[in-house]
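Here is how the chains run, residue by residue.
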Protein chains: 2
Amino acid sequence: MCGIVAYLGHREACPIILKGLHRLEYRGYDSAGVALLNGNLNVYKKKGKVADLEGFLSDKDTHATVGMGHTRWATHGEPNDVNAHPHFSTSERIAIIHNGIIENYAALKTHLVQQGHVFHSDTDTEVFVNLIEEIQTQNECTLEEAVRLALHEVVGAYAIVVLSKDAPDQLIAARKGSPLVIGIGEGEFFVASDATPIIEYTNEVVYVNDHELAVIRGGQLAIRSREDVVQTPYIQRLELELDSIEKGGYEHFMLKEIFEQPRSILDSMRGRLELDGGHLNMAGFRAYEQKFVNAHRIIIVACGTSWHAGLVAEYLIEDLARIPVEVEYASEFRYRNPVISERDIVIAISQSGETADTLAALELAKSKGATIFGICNVVGSSIARATDAGAYTHAGPEIGVASTKAFTAQVTVLVLLAMSIGQRRGTLSETKVRELMAELHSIPAKVEKALKLDAEIQVIAETFKDVPNFLYLGRGYNFPVALEGALKLKEISYIHAEGYPAAEMKHGPIALIDENMPVVVIATRDSSYEKVVSNIQEVKARKGRIIAVVTEGDTTIPAMAEFVIEVPPTSEVLTPLVSVIPLQLLSYHIAVLRGCNVDQPRNLAKSVTVE
Amino acid sequence: MCGIVAYLGHREACPIILKGLHRLEYRGYDSAGVALLNGNLNVYKKKGKVADLEGFLSDKDTHATVGMGHTRWATHGEPNDVNAHPHFSTSERIAIIHNGIIENYAALKTHLVQQGHVFHSDTDTEVFVNLIEEIQTQNECTLEEAVRLALHEVVGAYAIVVLSKDAPDQLIAARKGSPLVIGIGEGEFFVASDATPIIEYTNEVVYVNDHELAVIRGGQLAIRSREDVVQTPYIQRLELELDSIEKGGYEHFMLKEIFEQPRSILDSMRGRLELDGGHLNMAGFRAYEQKFVNAHRIIIVACGTSWHAGLVAEYLIEDLARIPVEVEYASEFRYRNPVISERDIVIAISQSGETADTLAALELAKSKGATIFGICNVVGSSIARATDAGAYTHAGPEIGVASTKAFTAQVTVLVLLAMSIGQRRGTLSETKVRELMAELHSIPAKVEKALKLDAEIQVIAETFKDVPNFLYLGRGYNFPVALEGALKLKEISYIHAEGYPAAEMKHGPIALIDENMPVVVIATRDSSYEKVVSNIQEVKARKGRIIAVVTEGDTTIPAMAEFVIEVPPTSEVLTPLVSVIPLQLLSYHIAVLRGCNVDQPRNLAKSVTVE
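Reading the values: the criteria
Residues numbered from 1 in each chain as written. Chains lettered and ligands numbered in written order. Predicted model: local features only at pLDDT ≥ 70, side-chain atom pairs only at ≥ 80, totals over all residues. Heavy atoms only, no water. UniProt positions renumbered as here; feature names shortened; annotations may be inferred. Pairing = 2+ DSSP bridges. Helix = DSSP H or I, 4+ residues; strand = E, 2+ residues; numbered from the N terminus. Core = buried A, V, L, I, M, F, W, Y, C linked by side-chain atoms within 4.5 Å. Buried < 20%, exposed > 50% of the residue type's maximum accessible area, 1.4 Å probe, protein only. Contact = heavy atoms within 4.5 Å. Expected span 1.5 Å × (residues − 1). Phe/Tyr/Trp six-rings, centres within 6.5 Å; stacked < 30°, edge-to-face > 60°. Lys NZ or Arg CZ within 6 Å of the ring centre and 35° of its normal. Axes fitted to C-alpha atoms, helices over the stretch in contact; angles between N-to-C directions. Parallel < 35°, antiparallel > 145°, perpendicular 65-115°, else oblique. Nonpolar A, V, L, I, M, F, W, Y, C, P; charged D, E, K, R; others polar. Buried area = accessible area lost by both parts, 1.4 Å probe. Salt bridge = Lys/Arg side-chain N within 4 Å of Asp/Glu carboxyl O. Polar contact = N/O pair within 3.5 Å; in protein donor to acceptor, adjacent residues only side chain to side chain. Least-squares fit on C-alpha atoms with pLDDT ≥ 70 in both.

Within an unreviewed UniProt entry, the label attached to chain A reads Glutamine--fructose-6-phosphate aminotransferase [isomerizing], and the organism entered is Hymenobacter bucti. Under Catalytic activity (unreviewed entry), UniProt gives the following word-for-word description of chain A: "D-fructose 6-phosphate + L-glutamine = D-glucosamine 6-phosphate + L-glutamate".

What follows is the structure in structure tokens.
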């Protein structure tokens, strides 16, 4: 996690860095700091958000045209002033900012302490910068050479920027496993974890690759491999719009993003659905058409909310295309020597396209010869670049840490993919394809209607805002929705919510149910409706408090439930796109009523670029 | 759920029935009742346990030689006197006891109300008995004929016993989907949900099959199909020992069963492990050897704790035998039109062998041509009888509702199965086979050692007994163990505990962590040890309270954790058999300290024979 910004040029560096850190706060916000190079190398850092750092800087001399800043999400050592970045080396001549984890830091630290280095923090990062200093002293080499040699010593993931008092016009950056992009302006350079801090200054960028070292010096950018071979930087033009990353009048990014869903779902199907001809038009699918048709198995790797979208896809693809699907936690998949063959397709789902575990799972599958397909939201992200084919979700930038519109966009793309495979394999009749296309086309309007439940849901949120626990139940397509609803509540309200397949409840979780336990049951009219009604009876018999999401016009469940939320009817396979909406709103309102920081929940970060 | 006992013979029926109900209380214990036929048809029933019913009966006339009794686990209508079984028909001439769920009860009830039937309870069962009466009135037929016709009208699962005032020497029973066994004595008959109420009177039993109707009349047992075709009863001899179902000096069945594990694990491998010759000897595997060797895919269906054993098996089989494995919630699998081929093997895991969803999933897979393999603990259970091959776990009867020794027995059998397949497929070298066999053989002694942690764990239980929430984290083979540890705590202490793959925590659940949250981390020395240490750091950085299960001699984690539990080292693939032990003990002691009814936790029942 963590966000990195650096600047070298002719303007004042500090305001550019601070503005950039605000943009990157979605990556972490437990502490922040800057290093400024102006003859001296000054480091200022503070526990808290970027705004706290700004306050702290107000009476400091921040004049400099070279500098770097960091907003942190703790991995080693708790969030406080000392553990915040940048970190100095023992001599205070070198400073570093770092995003990632150094796994062998303990062994390195023992060695460095023996060499006389002094440590002030609990971080792995301080080990990194002292290692660089030690190497430079021992080898009497340049800083660039010392950094390059240090990269051979550290095990783990990193994106780093290094400044030295002895090199006032130089900025060194490197990456392995954590994202890093360099913006190229007129006689000035920007370095950041993503393009948002850069976009208002230049749209020419270079994505640094793993094991590359970038050196900016004398108005030039030079990129070398870890083996010191010169690389040719590949300059790309960005097409990101800046106001798409602002709040647009909503109180929180999350609420804005929930309400954007009719549009983001539409954007995710735009151009891919030709209603007139009955054609599905997915470029990423067409590239791999034969492989999909002949696949023995599809394995989906993902984490968190994207993993829930993957579970929906398991139902979709098995139903519509009749290919066995396995959904895996990326972190488990990559470490368990999975059985993968060349006839398997591995689909990686990640909003950011930077999720470290998902990316690593993908690389593992690739090395075993599987076909790789990526579904992500951020154009040019690591996963997008690691896959040969894939599909973007086109949800637009998602800033709220709790994912909402990215989930529905992922499901939309997965519906299109499942339909495309089914149509091509002949498991889905043309009539059914046209029917589903028409129904999918009507989803944005149905989501719009579901969003009108907002006021109703606020009342439910008022009722339950102080409870310590929640259960969420669903069956079939609504089982992943139950998991996702529970995750949303957990993430932003810190209420312990848990999702379950409704029928599994009897095998344990039902013991938790008493008159204090709210149970959200997703019970839309579908093939498992009768079974879910039986499950509601079982909860009711133990006095659980039922909040049911039902299809408009349901007459059975209102007699059993304390609260009923009616959503528009749709085809069973598309249900998650509609039934998840009230659950997003419920978690949002409960969190707001509890006074939680909805967009930046404690302990979390937007994209998890460490393992 | 629910337990059924009935008697027809020459002795006093009531004491036999009450004793039998005590034996069946593991099947449900929210209310109980009896019906006694002695010229009159008297029904006595009471909310609460069987002991409450006994108190209530003390001043009643219970003289009768024909009768039936029921101990309930509510599915429709909350537990109270009125909803307890037996239920009368409107005329009070017919009484019924029922285990199962009638899904179309609402429609049937509407019709019966129109015909003048009066209902006192909220149950589906009362609908069933009035349906029988209505049919008998309309058709002017015998009770037997009316029951038979009624079975054609009801949709759902049932085991029923019916008595009528008009037939003082007759007892009718029928089943579909819920277990039912008839004991045949000298001029007397016993009917029950399992053999435990019968065993001290006779060891000759007949298992009633689905869609069969049993009529005991004039000293004879006759079995007919629902289509009225006479069936020949197949009489079996039981070999169950009665004192294996008693507590044996322990305070609770659960504690007894936890401490039985060195023996039950040994029993589960006994005769299957020939250390000298390096042979694995699994009869069930040999029957299907070629099918296992050539399988495209293995699908495991299960619920609850058995599902966790299935997750362990996914790691085992993929690791040792290199066949792709998919683990499914039985309840989800059966309703989602899964992709299954004749080259797939479906393994069903169930302690009782009666789990309704698992049984139905198995039948579905069978109908699609898959090879079916059962792993269960109860000999002669429905799943054992529905499968062509399989392996019993030999854990002995498990009475505690929270499963412990059944889980480790299941894992033991799954280890043997994975090794057998791997050996036969050549994915596991003979050296490795012998190494694992020797290590498996040493597991009972290691479990014995882990059980010595009991006093230590009581101290931890004291510290955390009042917390409202718990998280459990593990990776790889210890991920299912984390789920199982959390489930145990949930089931018997009603603390909201949740298990997660350790790396998934960052994608949401970490938001729950603050200084009040205990986090149990299973961090034994295995291939993911370093990663788990990183995850512990992340929890610690948010001030979570860490309870770590580590390998003996670990020197890193004690510096980070509030409590450390040391278990003996073993091979990574066998880890769950050892690491789960302290988690079972922890949940047990916390539940006892909270004053919970460990053996009969609220809302739960031992085997879930309804959907």
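There's more to say after this.
(A) Highlighting the sheet that holds strand E8 (residues 170-176) of chain B. All names here are of chain B. Within the open sheet, the seven strands sit side by side as E5-E6-E7-E8-E12-E13-E14. Their pairing is antiparallel. Two strands bound the open sheet, and with one partner strand each, they are strand E5 (87-88) and strand E14 (230-231). Note that strand E7 (residues 156-164) and E8 share four bridges and pair antiparallel. Looking across to E8, one finds that Val161 is bridged to Ala173.

(B) The arrangement of the UniProt feature "domain: Glutamine amidotransferase type-2" (unreviewed entry) in chain A in detail. Within this structure's numbering, the places UniProt gives as "domain: Glutamine amidotransferase type-2" (unreviewed entry) are residues 2-219 of chain A. Across residues 2-219 of chain A, the secondary structure splits into 25% helix and 34% strand, with the terminal C-alpha atoms separated by 27 Å.

(C) Quick look at the nonpolar core. Within the largest apolar cluster, 255 residues are counted, with the highest numbers of intra-cluster contacts made by Phe470 of chain A together with Phe470 of chain B. Residues contacting Phe470 of chain B, with those up to four places away along its chain left out, are His496 of chain A together with Phe464, Leu489, Ile495, His496, Ala497, Glu498, Met517, Pro518, Val520, Ile547 and Ile590 of chain B.

(D) Expanded view of helix H10 (residues 304-321) of chain A. Residues and elements named next belong to chain A. Taking 1.5 Å per residue as the helical rise, H10 with its 18 residues ought to reach 26 Å, and the 25 Å between its terminal C-alpha atoms agrees with that figure. Taking burial as the measure, the 18 residues of H10 include 17 buried ones, the bulk of the element. Where H10 terminates, the next one or two residues include Arg322, which has phi positive at roughly 55°.

(E) Structural view of the packing of aromatic side chains. Counted by the stated rule, this structure contains 26 aromatic pairs over all chains. Summarising the aromatic geometry, the rings of Trp307 of chain A and Tyr329 of chain A are spaced 4.1 Å apart at their centres and angled 10° between planes, so their arrangement reads as stacked. On the criterion of sequence distance, the pair formed by Trp307 of chain A in helix H10 and Tyr329 of chain A in strand E19 (residues 325-329) is long-range, its members being 22 residues apart. For Trp307 of chain A, a relative accessible area of 11% corresponds to the buried category. Ring geometry for Phe470 of chain B against Tyr472 of chain B: centres 5.8 Å apart, planes inclined by 35°, an arrangement best described as tilted. In this structure, Phe470 of chain B and Tyr472 of chain B share a single accessibility class: buried. Put simply, the rings of Phe285, Tyr288, Phe292 and Phe373 of chain A pair up and form one aromatic cluster. In this arrangement the basic side chain of Lys109 of chain A is found over the ring face of Phe119 of chain A, its NZ or CZ atom lying 5.2 Å from the centre. For the cation-ring pair, Arg525 of chain B lies above Tyr529 of chain B, with the distance from its terminal atom to the ring centre recorded as 3.8 Å.

(F) Quick look at the UniProt feature "domain: SIS" (unreviewed entry) in chain A. If you check UniProt for "domain: SIS" (unreviewed entry), the listed places come out as residues 288-427 and 460-601 of chain A in our numbering. Across residues 288-427 of chain A, the secondary structure splits into 47% helix and 20% strand, with the terminal C-alpha atoms separated by 18 Å.

(G) Region of the structure containing the environment of Arg263 of chain A. All names here are of chain A. With respect to the secondary-structure elements, Arg263 resides in helix H7 (residues 261-269). For the pair Arg263 and Arg27, spaced 236 residues apart in the sequence, the C-alpha separation amounts to 25 Å. Those residues in contact with Arg263 that lie beyond four places of it in its chain are Ala395 and Lys405.

(H) Layout of the packing of helix H1 (residues 13-23) of chain A against helix H2 (residues 50-57) of chain A. All names here are of chain A. Their axes nearest at 9 Å, the elements H1 and H2 cross at an angle of 160°. In this view, H1 runs roughly antiparallel relative to H2, as classed from their interaxial angle. Residues Cys14, Leu18, Leu21 and His22 of H1 form the contact with H2, whose participating residues are Val50, Ala51, Leu53, Glu54 and Leu57. Within the contact of H1 with H2, the residues separate by chemical class into seven nonpolar, one polar and one charged.

(I) Just the interface of chain B and chain A, in detail. In this assembly, 78 residues from chain B lie in contact with 77 residues from chain A. For the chain B and chain A pair, buried surface summed over both sides reaches about 6700 Å², with 49% attributable to carbon and sulfur atoms. Summed over the shared surface of chain B and chain A, the number is eight salt bridges. Asp514 of chain B is the salt-bridge partner of Arg602 of chain A, the closest N and O atoms lying 3.6 Å from each other. Viewed at the interface, chain A and chain B are joined by 35 residue pairs in polar contact (both at pLDDT 80 or more). Where the side of chain B that touches chain A is concerned, the elements lending two or more residues are strand E18 (297-302), helix H10 (304-321), strand E19 (325-329), helix H11 (330-333), strand E23 (469-474), helix H17 (478-493), strand E24 (496-501) and helix H18 (529-541) of chain B.

(J) Inspection of the relation of the copies chain B and chain A at higher detail. Once chain B is rotated about the relating axis by 180° and shifted along it by 0.0 Å, it coincides with chain A to within an RMSD of 0.1 Å. Expressed as an axis order, the relation between the two copies is that of a two-fold axis. Taking the C-alpha atom as reference, chain B places Glu326 of chain B closest to the rotation axis, 3.3 Å from it.

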